[in-house]
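# Commentary on secondary and tertiary structure
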Amino acid sequence: MEQRTDLSLFTEKIQALKSQISQIVVGQDDAVELVLTAILANGHVLIEGVPGVAKTLLARLVSRLIDARFSRIQFTPDLMPSDVLGTTVFNAKTADFDFHQGPVFADVVLVDEINRAPAKTQAALFEVMEERQATIDGKSYPMGPLFTILATQNPVEQEGTYRLPEAQLDRFLMKIVMSYPSADEEVEVLLRHHHRQAFTKLDTIQPVITPDELLALRSELSNVVVEESLMRYIVEIVGQTRTSRAVFLGASPRASVAIMHCAKAYALLKERDFVTPDDIKTVAPHVLHHRLTLTAEAEMEGYTPFKVAQRLIDKVEVPK
């Protein structure tokens with residue numbers, strides 16, 4: 001398909017982001033691309049991995065590279081909803097109540113160990129993530145146009161954690177699993193620590209993209225072409241999750257929309273203004289697997305939602 005959109009500015013900014021990330025995060029190229037894809041698609045990201053694979057580092061680094069307001073919330077079992085959203089405080093001078101914004105009122109919010117907070121605190125994010133606003137004492141407070149949540153969680157440790165409900169998982173555009181680095185990548189980590197004692201400090205990292213530039217890049221999504229045959233391909237993939245015997249609860253139409261948006265963003269990352277079947281096959285597992293609830297039989301046989309999602313995608317015929 002012929003290229004119709006000038007993506008030179010887009011390419012320059014994306015390459016600058018990737019270059020800065022590679023100076024600090026070794027490997028994890030797929031995770032980096034997926035995080036950038038989700039941010040371009042204007043969605044929230046859940047990053048999962050065992051301790052020490054740079055989940056929080058990647059989230060903090062991405063926030064540093066965007067010249068926007070950043071806040072970090074460390075979720076703990078004693079965290080209250082007001083600690084996240086904010087609270088109203090009586091002002092003796094005006095004899096009225098003033099609203100003090102919580103840390104969620106930022107452009108990029110890092111929610112570290114999101115599964116460590118109890119259900120009522122997790123639920124405080126429901127409206128914020130979906131409606132991009134928070135309602136406190138009957139009054140709504142809108143978030144900024146860049147508002148994005150980057151959340152992390154440890155999949156192994158169970159003590160002191162609270163499983164995220166399906167309704168909240170569905171509000172994350174993508175769930176990205178960060179695995180262990182390869183042997184060569186781990187050697188590179190050791191070499192960097194050996195020669196420089198430590199990695200470049202995040203405080204020295206300068207932003208490479210402004211809020212207006214990021215919003216402009218997001219607006220390019222509307223110019224990315226998606227053929228109707230590819231839309232049907234997406235619908236057939238999501239439909240497989242609703243009929244599979246391995247899946248107890250399949251994906252909703254929200255997942256179909258999410259796959260399309262992510263595929264368009266991924267196409268832009270690859271310097272194209274049109275979506276290909278490979279774009280869809282790349283992003284679909286990461287959009288789907290946290291939205292699937294497997295049957296007990298499938299879990300007993302050792303299946304994971306990600307493996308099931310990949311198998312279901314492979315069953316659908318790729319449009320010519």
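Look above for the structure.
Attention here is on the structure that accompanies the text. Once a new chain begins, its residue numbering starts again from 1 and follows that chain's sequence as written. Given that this is a predicted model, residues contribute local features only at a pLDDT of at least 70 and side-chain atom pairs are listed and counted only at 80 or more, while totals for whole chains, interfaces and linings are drawn from all residues. Hydrogens and water molecules were not included; the side-chain quantities draw on all heavy atoms of the structure.

## Some words on the overall build of the protein
If you tally the helices and strands in the protein, you get 13 helices and 11 strands. Values of the radius of gyration come from C-alpha atoms, whereas the globule rule sets the reference at 2.2 Å times the count of residues to the power 0.38. Its C-alpha radius of gyration of 20 Å places the protein within 12% of the 20 Å reference for a compact globule of 320 residues. Structurally, the protein occupies a C-alpha span of about 70 × 50 × 45 Å along its principal axes. Burial classes: relative accessible area under 20% of the type maximum marks a residue as buried, over 50% as exposed, and values in between as partly exposed (1.4 Å probe, protein chains only). Within the span of the protein, comprising 320 residues, buried residues form 48% of the whole. Pairs of residues are marked as contacts when any of their non-hydrogen atoms sit within 4.5 Å. Pairs at least 24 residues apart make up 78% of the contacts formed inside the protein by residues separated by at least 6 positions. A 1.4 Å probe and the Shrake-Rupley method give the accessible areas. Residues count as covered only by the protein chains that appear here. Put simply, the protein shows about 15,800 Å² of open surface, and 52% of that area lies on carbon and sulfur atoms. What counts as a helix is a DSSP run of H or I of at least four residues, what counts as a strand is a run of E of at least two, and both are numbered from the N terminus.

## Considering the pattern of salt bridges
Here, a salt bridge means any side-chain nitrogen of Lys or Arg that lies within 4 Å of a carboxyl oxygen of Asp or Glu. Applying the stated criterion to the full structure yields 14 salt bridges. Of the charged contacts in the structure, one is a salt bridge between Asp-112 and Arg-72, with a shortest N-O distance of 2.6 Å. Here Asp-112, found in strand β5 (residues 108–112), pairs with Arg-72, found in strand β2 (residues 70–74); they are 40 residues apart in sequence, far enough to count as distant. Asp-112 sits in the buried class, given a relative accessible area of 5%. Classification of Arg-72 by relative accessible area gives partly exposed; the value is 40%. Its salt-bridge partner being Arg-192, residue Glu-188 comes within 3.1 Å of it at the nearest N-O pair. Separated by 4 residues within a single helix, Glu-188 and Arg-192 lie in helix α7 (residues 183–196), roughly one turn from each other.

## Regarding the sheet that holds β5
Two strands pair under a simple rule: DSSP has to find at least two bridges between them. Strand order across the open sheet formed by 5 strands is β2-β5-β8-β1-β9, with parallel pairing between neighbours. Every interior strand has two partners, whereas the edge strands, β2 and β9 (174–177), have only one. Each strand axis lies, on average, 20 degrees off the axis of its neighbour in the sheet, ignoring direction. Direction of pairing for β2 relative to β5: parallel, over a ladder of 5 bridges. For Ile-73, the partnering residue across the bridge sits in β5 and is Val-111. Lines fitted to C-alpha atoms define the axes, with helix axes restricted to the stretch in contact, and inter-axis angles between N-to-C directions lie between 0 and 180 degrees.

## Quick look at the pairing of strand β6 (residues 133–136)
By the alternation rule, side chains of β6 split into Ala-134 and Ile-136, which are all buried, and Gln-133 and Thr-135, of which none is buried. Strand direction decides the pairing type here: β6 and strand β7 (residues 139–142), joined by 4 bridges, are antiparallel. Pairing of Ala-134 across the sheet is with Tyr-141, part of β7. Taking the residues that link successive antiparallel strands as the turn, the β6-β7 hairpin has 2 residues, and the phi of Asp-137 there is positive, at about 50 degrees.

## Details of unusual backbone geometry
Both trends apply: most residues other than glycine have a negative phi, and most peptide bonds are in trans. Positive phi outside glycine occurs at Asn-42, with the angle close to 65 degrees. Tracing the backbone shows Asn-42 in the loop between α2 (29–40) and β1 (45–48). At Ala-54, a residue that is not glycine, the phi angle is positive and equals roughly 80 degrees. Looking at the element boundaries, Ala-54 is found in the loop between β1 and α3 (55–65).

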